[in-house]
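Architecture at a glance
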Amino acid sequence: MNRFFCTAAALATMAVLTGCGATSEQRAYEYMPDMARSPAYKAFAPNSVTRDGLTLQHPVAGTIPRGYHVFHYGPGEEEAARAGRELQNPYRATPQTLEEGKALFQTYCQVCHGEQGKGDGPISGKIPPPPSYVSDRLMEFPSGRIFHVITMGTTGKMPSYAAQLSADERWKVVTYVHTVLQKLGDQQAGVQSGGSQ
Ligand code: HEC
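Residues numbered from 1 in each chain as written. Predicted model: local features only at pLDDT ≥ 70, side-chain atom pairs only at ≥ 80, totals over all residues.

1. Quick look at the overall build of the protein chain
Looking only at helices and strands, the protein chain has eight helices and zero strands in total. Along the protein chain, from the amino end to the carboxyl end, the secondary structure elements read α-α-α-α-α-α-α-α. Across the 197 residues in the protein chain, those meeting the buried criterion constitute 17%. Counted over contacts in the protein chain with a minimum sequence separation of 6, partners at least 24 positions apart contribute 55%. (Helix = DSSP H or I, 4+ residues; strand = E, 2+ residues; numbered from the N terminus. Buried ≥ 20, exposed ≤ 12 C-beta atoms within 10 Å, placed from the backbone. Contact = placed C-beta atoms within 7 Å.)

2. Examining the site of the ligand
Around the ligand there are 19 residues in total, and Cys-109, Cys-112, Thr-154, Lys-157 and Met-158 lie nearest to it. Those elements that provide at least two residues to the shell around the ligand are α5 (110-113), α7 (143-152) and α8 (167-192). Its residues assigned to classes, the shell around the ligand shows 16 nonpolar, two polar and one charged. (Near = placed C-beta within 6 Å. Nonpolar A, V, L, I, M, F, W, Y, C, P; charged D, E, K, R; others polar.)

3. A few points about the nonpolar core
The nonpolar side chains of a soluble globular protein tend to be buried, and buried together. Among the nonpolar cores identified, the biggest contains 21 residues, and Phe-105, Ile-146, Phe-147, Val-173, Val-174 and Val-177 are the most heavily contacted of them. With six residues, α8 is the largest single contributor of residues to this core. Not counting residues up to four positions away in its chain, the partners in contact with Val-174 are Asn-89, Ser-143, Ile-146 and Phe-147. (Core = buried A, V, L, I, M, F, W, Y, C linked by C-beta atoms within 7 Å.)

4. Examining α7
Here α7 lies mainly inside the structure; nine of its 10 residues are buried. For α7, the complete set of buried residues consists of Ser-143, Gly-144, Ile-146, Phe-147, His-148, Val-149, Ile-150, Thr-151 and Met-152. Taken from the residues just after α7, Gly-153 is the one with a positive phi, measuring 75 degrees.

5. Considering helix α4 (residues 95-108)
A rise of 1.5 Å per residue sets the reference length of α4, with its 14 residues, at 20 Å; its end C-alpha atoms lie 20 Å apart and thus fit the reference within 8%. Within the span of α4, buried status applies to Gly-101, Leu-104 and Phe-105. Buried residues of α4, viewed axially, fall in a sector of 105 degrees; they line one side. Among the exposed residues of α4, those pointing more than 90 degrees away from its buried face are Pro-95, Gln-96, Glu-99 and Gln-106. (Expected span 1.5 Å × (residues − 1). Arc of directions from axis to C-beta.)

6. Regarding the packing of helix α3 (residues 77-86) against α7
When two helices pack together, their arrangement is captured by the angle between the axes and the distance separating the axes. Where α3 contacts α7, the axes come no closer than 6 Å and their chain directions differ by 135 degrees. When the interaxial angle is binned, α3 and α7 end up oblique. In this structure, α3 crosses over α7, and the sense of that crossing is right-handed. Here Glu-79, Ala-80, Ala-81, Ala-83, Gly-84 and Glu-86 of α3 come into contact with α7, specifically with Gly-144, Arg-145, Phe-147, His-148 and Val-149. Within the contact of α3 with α7, the residues separate by chemical class into five nonpolar, three polar and three charged. (Axes fitted to C-alpha atoms, helices over the stretch in contact; angles between N-to-C directions. Parallel < 35°, antiparallel > 145°, perpendicular 65-115°, else oblique. Left-handed = near helix turned anticlockwise from the far one by under 90°.)

7. Some remarks on the confidence of the model for the protein chain
Scored by pLDDT, the protein chain has a mean of 85; 83% of the residues are at 70 or more. Contacts for the low-pLDDT stretch residues 192-197, under 50 throughout, to residues beyond four places or in other chains number four contacts. (pLDDT = per-residue confidence, 0-100.)

8. Details of the environment of Ser-160
Summarising the element assignment, Ser-160 is placed in the loop between α7 and α8. Distance in space between the C-alpha atoms of Ser-160 and Ile-150 is 5.6 Å, their sequence separation being 10 residues. Setting aside its immediate chain neighbours within four residues, Ser-160 contacts Thr-151, Met-152 and Gly-153.

9. With respect to the environment of Ser-124
Take Ser-124: it is sitting in the loop between α5 and α6 (136-139). Sequence separation of Ser-124 and His-113 is 11 residues, and the distance between their C-alpha atoms is 7.2 Å. Beyond its immediate sequence surroundings of up to four residues, Ser-124 is in contact with Cys-112, Gly-114, Gly-119, Pro-129 and Pro-130.

In structure tokens, the structure reads:
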């Protein structure tokens, strides 16, 4: 019995030493090679196991990625107007939201639309002129419509910013444009025409 244990212990020691004894040039012995080399497929490699022969599978119809907000509006005037009627801004104009909205506006919009949204940003001379946020037309835009513009862009002249700004960030920009820039324009118009606010 004792002998059996001695032999077993000696074998185990040898096995451990063999495993550890490999130098950097010499591959160590693999006890369970399938653990180290799993039969994983590369995402774009053909695959004999799946029905369509592709490794990367399409998402199941009707599923959406976690955190993704579905946008049920197409491009164009009519859809923009519908978004304006139906969408509600989930943010209130708290100092923090306005602060964040301002920072996003300065990063993504100001270059074309200008610091006060008058359409006079640094590159405005080189692109189709952006409208002023306090033009009669844009003053009529509800929050949801400005959200639509940022999400879909306009046909041809302003690109979509949906890839750069998350839905939450877009709403923060909308809040800033609505409550700060358009208010500012309102007040200036009031002062110019001598009216009270
Ligand atoms: C690359 C320049 C550029 C940037 C950046 C840009 N815009 Fe515009 N924007 C334009 C132009 C040009 C128009 C006029 C588009 C038209 O008449 O089709 C416009 C139009 C608009 C309109 C009015 C759309 C309408 O239906 O008349 C709104 C609102 C607007 N932009 C908001 C934003 C906001 C918010 C951002 C930042 C997220 C932004 N834009 C970033 C160029 C830009």
